[in-house]
Amino acid sequence: MTTNTKPRITIVGYGSQGRAHALNLRDSGFDVTIGLRPGGPTELKAKADGFTVKTPADAVKGAELVAVLTPDMVQPQLYRDVIEANIPQGATLLFAHGFNVHYGQITPRADLDVVLVAPKGPGALVRREYEIGRGVPAIYAVHQDCSGKAEQTALTYCAGIGGARQNAIRTTFKEETETDLFGEQAVLCGGATKLVQAGWETLVEAGYQPEVAYYECLHELKLIVDLFYEGGITRMHEFISETAQYGALTRGTYIVDEHTKAQMKKVLAEIQDGTFAKQWIAEYAAGNANYKALKQGDLDHPIETTGKKLRAAMPWLQQPATKPAATAAKQREEATA
């Protein structure tokens, strides 16, 4: 597959990533078909967006590249029941996360090219950045290269969704899977959530107003994260006060110390040796009771009640995430004028 060839693409799944990939690829000139279960809520959405929608089996039959963009736990059965028997010989099978291939839940047919293209951001951001002429950075990997052109196919797809507008970095299914899981668990989702909740609880238990604690421990986190995003820790130090810097430099290790790092290593070890994957696969197979209870605990945390009340007075936060940043900024100005 050369750089001038645009493969016929079937995207199976039309959630956050599926919709963003499909729209970006179509806008980049690719022939895109969507494979969805008939009667599902996303079928109407895909049709409203102007796509041809077929059953997954029919959509896969005519594709040169099949992008599997359904939730991780759905993919093994989807591959066994639908994709394996219908994907054409010599086609490319593409994933946005290496979980199932890396942990052996999917063993792709030997005649297929198998690649990974993983944008480093949620689907809404992938779409928004593409629309305003930028792109979310992406990483890519090759698991099987039967054609000798698998890497080029991955890069062509990466360009089609806007990821090649930034520096696309080659990785492996192993590295993408393990680092992605670690980042989610230790820092981005698990670590950040628990840090915010603990900080809020500490202030409220000490007698401070829940609303003030919310601003200090959750709301303002975005300001710091934006500085990280724009220019790393260096930029944060450029824009926060000397008092904030001194406090951060002398007290940060009270919170994140060698014990924290040791626990992070434990998280990573359980990802590397498959413990986490086995637990999650078993949890899903058993009906997700523990997962649902833990999630409900987050949703019921009192910081959410406080936050909901405060965010109701911030109309600019209600903008759809898919709107270009300039439009959202303009509407924020109008809302506060």
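Structure's up top.
The text that follows walks through the structure, step by step, so that each part is easy to find. (Residues numbered from 1 in each chain as written. Predicted model: local features only at pLDDT ≥ 70, side-chain atom pairs only at ≥ 80, totals over all residues. Heavy atoms only, no water.)

**Comments concerning the overall build of the protein**
Here comes step 1: Along the backbone of the protein there are 17 helices and eight strands.
Here comes step 2: The C-alpha radius of gyration computed for the protein amounts to 22 Å, which stays within 12% of the reference 20 Å derived for 337 residues, consistent with globular compactness.
Here comes step 3: Considering only C-alpha atoms, the protein reaches an extent of 65 × 50 × 40 Å along its principal axes.
Here comes step 4: Looking at the 337 residues of the protein, the share that counts as buried comes to 37%.
Here comes step 5: The positive charge centre, built from 35 side chains, and the negative charge centre, built from 39, are 5 Å apart in the protein. (Helix = DSSP H or I, 4+ residues; strand = E, 2+ residues; numbered from the N terminus. Rg over C-alpha atoms; globule rule 2.2 N^0.38 Å. Buried < 20%, exposed > 50% of the residue type's maximum accessible area, 1.4 Å probe, protein only. Lys, Arg positive; Asp, Glu negative; His and termini not counted. Charge placed at Lys NZ, Arg CZ, Asp CG, Glu CD.)

**Some points on the sheet that holds strand S1 (residues 9-12)**
Here comes step 1: Strand order in this open sheet of eight strands is S3-S2-S1-S4-S5-S6-S7-S8, and the pairing throughout is mixed. Because the sheet does not close on itself, it has two edges, and the strands there are strand S3 (52-54) and strand S8 (169-170).
Here comes step 2: Where strand S6 (residues 113-119) lies against strand S7 (residues 138-144), six bridges are found, and the strand directions are antiparallel. Considered in S7, the bridge of Val114 is made with Gln144.
Here comes step 3: Helix H8 (residues 173-188) contacts strand S5 (92-95), S6 and S7 of the sheet and is inclined by roughly 35° relative to S6. (Pairing = 2+ DSSP bridges. Contact = heavy atoms within 4.5 Å. Axes fitted to C-alpha atoms, helices over the stretch in contact; angles between N-to-C directions.)

**Some details on the pattern of salt bridges**
Here comes step 1: Scanning the model with the defined rule gives 15 salt bridges in all.
Here comes step 2: In this structure, Glu178 engages Lys174 in a salt bridge whose closest nitrogen and oxygen atoms are separated by 3.0 Å. Of this pair, Glu178 and Lys174 both sit in helix H8, four residues apart, roughly one helical turn.
Here comes step 3: Judged by its relative accessible area of 46%, Lys174 is partly exposed.
Here comes step 4: Taking the shortest distance from any N to any O, the salt bridge between Glu211 and Lys309 comes out at 2.6 Å. On the criterion of sequence distance, the pair formed by Glu211 in helix H10 (residues 210-219) and Lys309 in helix H16 (residues 302-311) is long-range, its members being 98 residues apart.
Here comes step 5: Within the structure, one salt-bridge network assembled from shared partners comprises Asp27, Arg127 and Glu131. (Salt bridge = Lys/Arg side-chain N within 4 Å of Asp/Glu carboxyl O.)

**Notes on the nonpolar core**
In a soluble, globular protein the nonpolar side chains are often hidden away together inside.
Here comes step 1: Grouped together as the largest cluster of nonpolar side chains are 29 residues, with contacts concentrated most on Ile11, Tyr14, Leu25, Val32, Ile34, Val117 and Tyr157.
Here comes step 2: Residue assignment for this core shows that the elements contributing at least two residues are S1, helix H1 (16-27), strand S2 (32-35), strand S4 (65-68), S6, S7 and helix H7 (150-160).
Here comes step 3: Val12, Leu78, Val82 and Ile106 belong to the second largest nonpolar core, which has 22 residues in total. (Core = buried A, V, L, I, M, F, W, Y, C linked by side-chain atoms within 4.5 Å.)

**Some remarks on the pairing of S5**
Here comes step 1: Burial of S5 is two-sided: the residues Thr92 and Leu94 facing one way and the residues Leu93 and Phe95 facing the other way are all buried.
Here comes step 2: Here S4 pairs with S5 via four bridges, running parallel. Its bridge partner lying in S5, Val66 is registered against Leu93.
Here comes step 3: In the classification by handedness, the crossover that spans S4, the intervening helix H4 (residues 75-86) and the parallel S5 is right-handed.
Here comes step 4: Pairing analysis gives four bridges linking S5 to S6, with the strands arranged parallel. (Right-handed = clockwise from strand over helix to strand, strands pointing away.)

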